Amino acid sequence: MSAPECRLYLLTPPSIPDLDAFARDLEAALDAGDVACLQLRLKPAEAAAIEAAARMLAPIAQARGVAVILNDRPDLVAPLGLDGVHVGQSDAAYAAARRAVGPDRVVGVTCHDSRHLAMEAAEAGADYVAFGAFFPSPTKAAATRADPEILSIWQETMEVPCVAIGGITVVTAEALARAGADFLCVGSGIWDHPDGPAEAVRDMTTAMQRGVKARALSL
């Protein structure tokens, strides 16, 4: 049995005061390694601010084959030409999100530290489930703390991809990739890296590759 591939899933800061500057950082980050997704997570933000960010940032990502996922606003996904939506347990229900974005776009669901919630989401048709937080995050106070074992159990029993989220850095990425995460969702660990976003992506990619290799040897 081979270990699952682990890919990077970027998460924007909750606010982006300078879109031009962030667009340059995003370009550098996406050009530095394998990135699967970019989630626009602007909270709190009015629709106009979300639309402005999406119109500037989505073309940068999509031109590089990176899916753009909008947090919490399924109603804006199709009008903005985005690739999907991510909803939390207190956001729109999966069924409502799916109706809003249609059958061909991605719907991901936050499941905290609960395999029960994840199984419900997977059975309903979610394209991925997200577990976390695994570590404290400077951008969001997490109500739950997940153990990496939940990734291993999920990987061994379910086919729907799992995303690890919450305080992930270059230092902690290897362990989560080894545990079985299909994607690592990383925000401040990329944008606040002391050597810049591009170096952070390179270092994160190397760490994830080490984790995947270690998992393959253990199977």
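Residues numbered from 1 in each chain as written. Predicted model: local features only at pLDDT ≥ 70, side-chain atom pairs only at ≥ 80, totals over all residues. Heavy atoms only, no water.

Draft legend 1. Molecular detail of the overall build of the chain. Scanning the chain from terminus to terminus reveals nine helices and eight strands. Here the chain has a C-alpha radius of gyration of 16 Å; the compact-globule value for 219 residues is 17 Å, and the two agree. The C-alpha extent of the chain, read off along each of the three principal axes, is 50 × 40 × 30 Å. Buried residues in the chain amount to 50% of all 219 residues. Split by element, the accessible area of the chain, about 10,000 Å² in all, is 52% carbon and sulfur. (Helix = DSSP H or I, 4+ residues; strand = E, 2+ residues; numbered from the N terminus. Rg over C-alpha atoms; globule rule 2.2 N^0.38 Å. Buried < 20%, exposed > 50% of the residue type's maximum accessible area, 1.4 Å probe, protein only. Areas by Shrake-Rupley, 256 points an atom, 1.4 Å probe, with all protein chains shown as cover.)

Draft legend 2. Looking closely at the sheet that holds strand S1 (residues 7-11). Pairing is parallel in the closed barrel, where eight strands are placed in the order S1-S2-S3-S4-S5-S6-S7-S8. Taken pair by pair, the neighbouring strands of this sheet meet at an average axis angle of 25°, ignoring direction. Direction of pairing for S1 relative to strand S8 (residues 183-186): parallel, over a ladder of four bridges. Across the sheet, Arg-7 pairs through a bridge with Phe-183, a residue of S8. (Pairing = 2+ DSSP bridges. Axes fitted to C-alpha atoms, helices over the stretch in contact; angles between N-to-C directions.)

Draft legend 3. Unusual backbone geometry, seen in detail. The omega angle of the peptide bond from Lys-43 to Pro-44 is -15°, so this bond is cis rather than trans. Along the chain, Pro-44 turns up in the loop between strand S2 (35-40) and helix H2 (47-62). The step from Gly-132 to Ala-133 runs through a cis peptide bond, and the omega angle for that step is 0°. Locating Ala-133 in the fold gives a position in the loop between strand S6 (128-132) and helix H6 (149-157). For Asp-72, which is not glycine, the phi torsion reads 75° and is therefore positive. Mapping Asp-72 onto the fold places it in the loop between strand S3 (67-71) and helix H3 (74-77). The phi torsion at His-112 lies on the positive side, around 55°, for a residue other than glycine. As for its position among the elements, His-112 is in the loop between strand S5 (106-110) and helix H5 (115-124).

Draft legend 4. Expanded view of the nonpolar core. Formed by 67 residues in total, the largest nonpolar core has its most connected members in Leu-10, Phe-131, Leu-151 and Leu-184. Here Leu-184 is in contact with Cys-6, Arg-7, Leu-8, Tyr-9, Ala-164, Ile-168, Ala-173, Leu-176, Ala-177 and Met-208, once residues within four sequence places are set aside. With ten residues, the next largest nonpolar core counts Tyr-9, Leu-11, Tyr-128 and Phe-183 among its residues. (Core = buried A, V, L, I, M, F, W, Y, C linked by side-chain atoms within 4.5 Å. Contact = heavy atoms within 4.5 Å.)

Draft legend 5. Local environment of the packing of H5 against H6. Close contact between H5 and H6 brings their axes to 11 Å; oriented N to C, the two are set at 35°. Seen from above, H5 lies across H6 with right-handed handedness. Contact with H5, carried on its side by Arg-115, Ala-118, Met-119 and Ala-122, involves Ile-150, Ile-153 and Trp-154 of H6 and no other residues of that element. (Left-handed = near helix turned anticlockwise from the far one by under 90°.)

Draft legend 6. Up close: the state of the cysteines. What the rule picks out here adds up to zero disulfides. The cysteine Cys-37 is free of any disulfide, with Cys-185 supplying the nearest cysteine sulfur at 8.6 Å. Cys-162 takes part in no disulfide bond, and the closest cysteine sulfur to it belongs to Cys-6, at a distance of 8.5 Å. (Disulfide = S-S within 2.5 Å.)

Draft legend 7. Layout of the pattern of salt bridges. Going through the model one piece at a time under the given rule, you end up with seven salt bridges. A salt bridge links Asp-127 to Arg-98; its shortest N-O distance comes to 2.8 Å. A residue pair is termed long-range when its members are at least 10 positions apart, and Asp-127 in the loop between H5 and S6 and Arg-98 in helix H4 (residues 94-101) qualify at 29 residues. Overall, Arg-98 belongs to the buried group, its relative accessible area being 16%. (Salt bridge = Lys/Arg side-chain N within 4 Å of Asp/Glu carboxyl O.)

Draft legend 8. Inspection of H6 at higher detail. Of all the positions in H6, only Ile-150, Leu-151, Ser-152 and Trp-154 are classed as buried. Tucked into the core, H6 has its buried residues touching H5, S6, strand S7 (162-165), helix H7 (170-179) and helix H9 (197-218).

Draft legend 9. Broad picture of H2. For H2, which comprises 16 residues, the first-to-last C-alpha distance of 21 Å matches the rise-based estimate of 22 Å (1.5 Å per residue) to within 8%. Along H2, the largest kink reaches about 30° and is centred on Ala-54. Among all positions of H2, only Ile-50, Ala-53, Ala-54, Leu-57, Ala-58, Ile-60 and Ala-61 are buried. Against the buried residues of H2 lie helix H1 (19-30), S2, S3 and H3. (Expected span 1.5 Å × (residues − 1). Bend = angle between axes of the 7 residues up to and from the residue.)

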